[in-house]
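# Coordinates in review
Chain by chain, the residues:
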Amino acid sequence: MQENLTPDQGQKMQLVSLGDITEHKRVEEALQKRENCLRKQSKTLVQLAKSKTLQQGDLSAALREITEAAAQTVEADRVSVWLYNSDHSKVECVDLYDTITKRHSCGMSLLKANFPAYFQALEEQRSIAAHDACNDDRTQELSEPYLSAFGIASLLNAPIWLGGRLVGVVCHEHIGRIRQWTLEEENFAGSIADFVTLAIEASERKAAQEALQQSEAEFRAIFERSSVGIGLVDMKARIVDVNPALCQILGYSREDLSGKRFTDYIFKQEGDLELYKQLISGTCDRLEMERRFLHKDGKFVWALLSISLISSQNGEPQYFLAMIEDITKRKQTELELCESKEAAEAGSRAKSEFLATMSHELRTPLNAIMGLSQLLQQEMVGSLNDKQKEYVNCIYSSGEHLLALINDILDLSKVEAGKEELFLSKLLVQELCDYVISTVRDRAEEKKLQLIAEIDEQADFCIGDERRVKQMLLNLLTNAIKFTPAGKVCLEVKKVPQGITFTVSDTGIGIDPGQFKFLFEPFKQLDSRLNRQYEGTGLGLALTRKLAHLHGGDVTVESVLGKGSKFQLFLPNQPPVEGDARRFCEEIFYLDEEQSTQQQITVKKRSLNINEVSNNTNYSLFYEKSWQSRGDKDDSSSTCSRRTQLTSRQPATSVTKNILLVQDEEKTAALLRDYLQAIGYHVEQISTSNDFWERVQNQQPDLVLLDLELAGDTNGWDLLSKVRQNPDLQDLLVVTIASNTMVANSDYPVHTTPDGLRDRALQIGANACLCKPIGIVQIESILMQYFG
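These notes cover the structure that comes with them. (Residues numbered from 1 in each chain as written. Predicted model: local features only at pLDDT ≥ 70, side-chain atom pairs only at ≥ 80, totals over all residues. Heavy atoms only, no water.)

Scanning the chain from terminus to terminus reveals 26 helices and 26 strands. Expressed as a percentage of the 788 residues in the chain, the buried residues total 46%. In the chain, of all internal contacts separated by at least 6 residues, the share reaching a separation of at least 24 is 64%. Element-wise, carbon and sulfur atoms account for 50% of the exposed surface of the chain, whose accessible area totals about 40,900 Å². (Helix = DSSP H or I, 4+ residues; strand = E, 2+ residues; numbered from the N terminus. Buried < 20%, exposed > 50% of the residue type's maximum accessible area, 1.4 Å probe, protein only. Contact = heavy atoms within 4.5 Å. Areas by Shrake-Rupley, 256 points an atom, 1.4 Å probe, with all protein chains shown as cover.)

As for its position among the elements, Ser226 is in the loop between α6 (216–225) and β10 (229–234). Classification of Ser226 by relative accessible area gives buried; the value is 18%. Looking at Ser226, its side chain comes within polar contact range of the main-chain nitrogen of Val228, at 3.0 Å. Setting aside residues up to four positions removed in sequence, Ser226 forms contacts with Asn243 and Ala245. (Polar contact = N/O pair within 3.5 Å; in protein donor to acceptor, adjacent residues only side chain to side chain.)

Roughly 1,300 Å³ of volume is contained in the second largest pocket. Lining the second largest pocket are 39 residues, with Gln209, Leu309, Ile310, Ser311 and Gly315 sitting closest to its centre. Going through the elements one at a time, α1 (22–50), α5 (183–214), α6, α9 (272–281), β13 (300–311) and β14 (317–326) are the ones with two or more residues in the lining of the second largest pocket. At ten residues, the largest contribution of residues to the lining of the second largest pocket is made by α5. (1 Å grid on protein atoms, 1.4 Å probe; cavity = no way out; pocket = protein on both sides within 12 Å on 5 of 7 lines; lining within 4 Å. Points joined across faces, edges and corners; volume = space filled by probe spheres on them.)

With that out of the way, let us pick up the packing of aromatic side chains. Applying the stated criterion across every chain, the model contains ten aromatic pairs. Ring centres 4.9 Å apart and planes at 90 degrees place the aromatic pair Phe267 and Phe300 in the edge-to-face group. Of this pair, Phe267 sits in the loop between α8 (254–257) and α9 while Phe300 sits in strand β13, and the two are 33 residues apart along the sequence. With a relative accessible area of 43%, Phe300 lands in the partly exposed category. (Phe/Tyr/Trp six-rings, centres within 6.5 Å; stacked < 30°, edge-to-face > 60°.)

It is worth spelling out empty space enclosed by the protein at this point. Throughout the structure, instances matching the rule amount to six cavities of 30 Å³ or more. Its volume calculated, the second largest cavity comes out at about 70 Å³. Every residue along the wall of the second largest cavity is listed here: Trp82, Val91, Leu110, Tyr118, Leu142, Tyr146, Leu155, Asn157, Val169, Cys171 and Glu173. Listing elements by their share of the lining of the second largest cavity, those giving two or more residues are β8 (152–162) and β9 (165–175). The element best represented in the lining of the second largest cavity is β9, accounting for three residues. Here the lining of the second largest cavity is composed, by residue class, of nine nonpolar, one polar and one charged. (Nonpolar A, V, L, I, M, F, W, Y, C, P; charged D, E, K, R; others polar.)

A one-sided burial pattern is seen for strand β12 (residues 286–294), the buried positions being Leu287, Met289, Arg291 and Phe293 and the unburied ones Arg286, Glu288, Glu290, Arg292 and Leu294. Alignment of β12 against β13, held across nine bridges, turns out to be antiparallel. Within the sheet, the bridge partner assigned to Phe293 lies in β13 and is Val301. Between the end of β12 and the start of β13, which pair antiparallel, lie five residues, with Gly298 showing a positive phi angle near 95 degrees. (Pairing = 2+ DSSP bridges.)

With that settled, the discussion passes to the packing of helix α22 (residues 666–678) against helix α26 (residues 776–787). The contact between α22 and α26 brings their axes to 12 Å, and the two run at 50 degrees. Overall, the two elements α22 and α26 adopt an arrangement that is oblique. Taken as a pair, α22 and α26 cross one another with a handedness that is right-handed. Along its contact with α22, which presents Leu672, Tyr675 and Leu676, the element α26 presents Ile776, Ile779, Glu780 and Leu783. For the contact of α22 with α26, the residue count by class is six nonpolar, no polar and one charged. (Axes fitted to C-alpha atoms, helices over the stretch in contact; angles between N-to-C directions. Parallel < 35°, antiparallel > 145°, perpendicular 65-115°, else oblique. Left-handed = near helix turned anticlockwise from the far one by under 90°.)

Our focus in this paragraph is helix α23 (residues 692–699). Listed as buried for α23 are Phe692, Val696 and Gln699. Down the axis, α23 shows its buried residues gathered within 95 degrees of arc, on one side only. Exposed and facing more than 90 degrees away from the buried side of α23 are Glu694, Gln697 and Asn698. Summarising the contacts, the buried residues of α23 are in contact with β22 (658–662), β23 (682–686), β24 (703–707) and α24 (716–725). Directly after α23, the chain includes Gln700, whose backbone phi takes a positive value near 50 degrees. (Arc of directions from axis to C-beta.)

One pass over the full model with this rule turns up 22 salt bridges. Between Lys40 and Glu75 there is a salt bridge, with the nearest N and O atoms lying 4.0 Å from each other. With a gap of 35 residues between them, Lys40 in helix α1 and Glu75 in the loop between α2 (59–74) and β3 (78–84) connect regions that are remote in the sequence. For Lys40, a relative accessible area of 35% gives the class partly exposed. On the basis of relative accessibility, which here comes to 58%, the residue Glu75 falls in the exposed class. Across the pair Lys112 and Glu123 runs a salt bridge, and its minimum N-O distance is 3.3 Å. (Salt bridge = Lys/Arg side-chain N within 4 Å of Asp/Glu carboxyl O.)

A word on the sheet that holds strand β26 (residues 768–771). In a beta sheet, neighbouring strands are held together by backbone hydrogen bonds and run either parallel or antiparallel to one another. Pairing within the open sheet is parallel, and its five strands lie in the order β23-β22-β24-β25-β26. Single-partner strands in this sheet number two, and they are β23 and β26. On average, adjacent strands in this sheet sit at an angle of 20 degrees to one another, irrespective of strand direction. Relative to β23, β22 runs parallel, the two sharing five bridges. In the sheet register, Ile659 faces β23, and the bridge partner there is Val683. Of the strands in this sheet, β22, β23, β24 and β25 (733–738) touch α22, which is tilted by about 165 degrees from β23. Here α23 sits on the sheet in contact with β22, β23 and β24, set at roughly 175 degrees to β22.

With that out of the way, let us pick up the environment of Cys171. For Cys171, the location among the structural elements is in strand β9. Relative accessible area serves as the criterion here: at 5%, Cys171 is assigned to the buried category. Separated by 90 residues in the primary sequence, Cys171 and Val81 place their C-alpha atoms 6.4 Å from one another. Contacts of Cys171, omitting those with residues within four sequence positions, involve Arg78, Val79, Ser80, Trp82, Tyr118, Leu156 and Asn157.

Turning to α9, its buried residues are Asp272, Tyr276 and Leu279. For α9, the angular spread of buried residues about the axis comes to 60 degrees, placing them on one side. Residues of α9 that are buried make contact with β12, β13 and β14. Once α9 ends, the next one or two residues include Gly282, with phi positive near 90 degrees.

In this section: the packing of helix α13 (residues 429–446) against helix α14 (residues 466–482). Contact geometry of α13 with α14 gives a least axis separation of 10 Å together with a crossing angle of 30 degrees. Put simply, α13 runs roughly parallel to α14. Of the two possible hands of crossing, α13 and α14 adopt the one that is right-handed. Of the residues in α14, those touching α13 at Leu432, Tyr435, Val436, Ile437, Thr439, Val440, Arg443 and Ala444 are Val469, Lys470, Leu473, Leu474, Leu477, Thr478 and Ile481. Here the contact of α13 with α14 is built from residues that sort into eleven nonpolar, two polar and two charged.

Let us now look at the pairing of β3. Within β3, seven of the seven residues are buried, which leaves it mostly tucked inside the rest of the structure. Here seven bridges tie β3 to strand β4 (residues 90–98), and the two strands are oriented antiparallel to one another. Looking across to β4, one finds that Trp82 is bridged to Cys93. Pairing analysis gives six bridges linking β3 to β9, with the strands arranged antiparallel. Residue pairing in the sheet places Val81 in a bridge with Val170 of β9.

Written out as structure tokens, the structure reads:
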């Protein structure tokens, strides 16, 4: 830096500032040198990766190219490749490149027993960077016989691995002064060793190809006598030779085809050219495809075409070997079968999808029939004589029976249509067995059957959809009870290595082994004479096996005609479901795997509150979920006769409670409104969410009955969420109503089962959840629970 200064005397002067930047320049030069080395190494590795020499299988040529490239890149005086002999007792130099003489040599060897430290280091370390090779512990034993003889001061060695086995070493040698190898050079040496591995693999492939060529004499005999068409085609797609079978397939003589382009007889498809290029480059060994060929008379011939390469002595691709099998008849049969299958599957899907979407339309009138018949049973609209009571009871019982049938059909259709979803969780086996045994106990006692449950101590839990596992067990148990006139029915649970088994055995009528193949077909009872003696549709076992398959398990059967049957349900430890299914389950319950068992117990206890209240009031008429009604009902009149009529009940409190009914389904609304008004409650009903907030503010209801399937801009899920977000409505009692097969709003993903819907509604803020069809006891239990 300089400045012009003017002293007082008027004389001009220049001020010069000097600084020492030698170290800065040295650092810059070092960085530039390092960058140049890295760029040079990268360029060499890219060139080797693209090298055709390494892919052709000529090991000597590949090693020459590799050693020259490595020596020039790291500026080593010598680079060599040493490989172990067959018994792994020594390494032999297969190629050594000397940069001074520009020559390659080979032939030296080192016995492994004479240099134990060096060979041990090769096996244990990724590379040996010996700056002072004569004094390095790993290489000093090479000093006298090798290093000193050639004046080698520094060594950089990288082991060569092939198939997890040490097969040799790449040596970079510096002569004269000691050299400090850099980390970048060590990494480069390892990459060079990897390229040697690739060259060895290519050489082995070439050896296999040469062995194939040696079998040409045997091939010629097969060529002429083979029933499969065989063609030899050169690299320009001209036909060199064909066998008699190919001539017959195409309708031409050998002379007609000789010299013609093979591609003129084959219908090409987009992408075929790329496949041929891959075959030529060695990316794949053989192409197999189905293509159409042109016959001499103009017709199309479907053929299975297999193409492979025949290489010359130097490894260059020389011929295509094409093998053509006439599959015209098979193809025509396949096309006909595919069309038939597609038509059948389309029909089946249409049927299943239609039934699966008809749930609401089928269940809605049944809900009204069963609900209104319950009101008649309670004589809320007038007294009934004995005959009328019998008729009403039979109407209700028949409705239950029809609902169970509809549920079976819809469940089976959902499974076949691929719409069934599993809600997997950890289930306590003891609770499952207690539940299903208690559910079927009355039926067993009516037939004076002994009902036994035997549970292995190690079978503490299983993985499955709680509702579906109960459904499968109930199906098997009710079938066993139905077809067992006398004796016993046993449920045996065992832990097996892959999962858990539930075995239901009986001493019933048994099954002819010849009928096993029809046993799990829907809508089929094995003996039509049984239809009159034992009611049923034949859906239970078909649905049970399909549900077991969805869990990754199965249902198997053993039976002896006249002695009894044994059905075994197997559930695996790891059901084959998507990974998100388990996370979805955990999100629903907000729990981790360790908490899952305890949380399920809590949820189960919470869901039993309604039943407990019902039991405390000594009501004998109880609500059965649709999946609890599996199996066939007894005679409707006898079933009805066992039901006790419910008496009308007024609110226990002296003040009339206000109930806001938010329900857009007219028949359900009429049922609930008439019943609640008949027992003394004041009911206001709205069919949309538009007037909800005004009614809540003006009426100040004591209880809100909210249908989650409410139509309109705001559905029931959103309305429930907004109620709980309002600080003034935190104490408002909200009981939700849901159908068994409703689809929840996308903002609130819910598993479409009664338990899943109930649990999600409770999480959002509902005090309780009722599932359609709604029983009178359900409603009274809610009222008793909250109003006394």
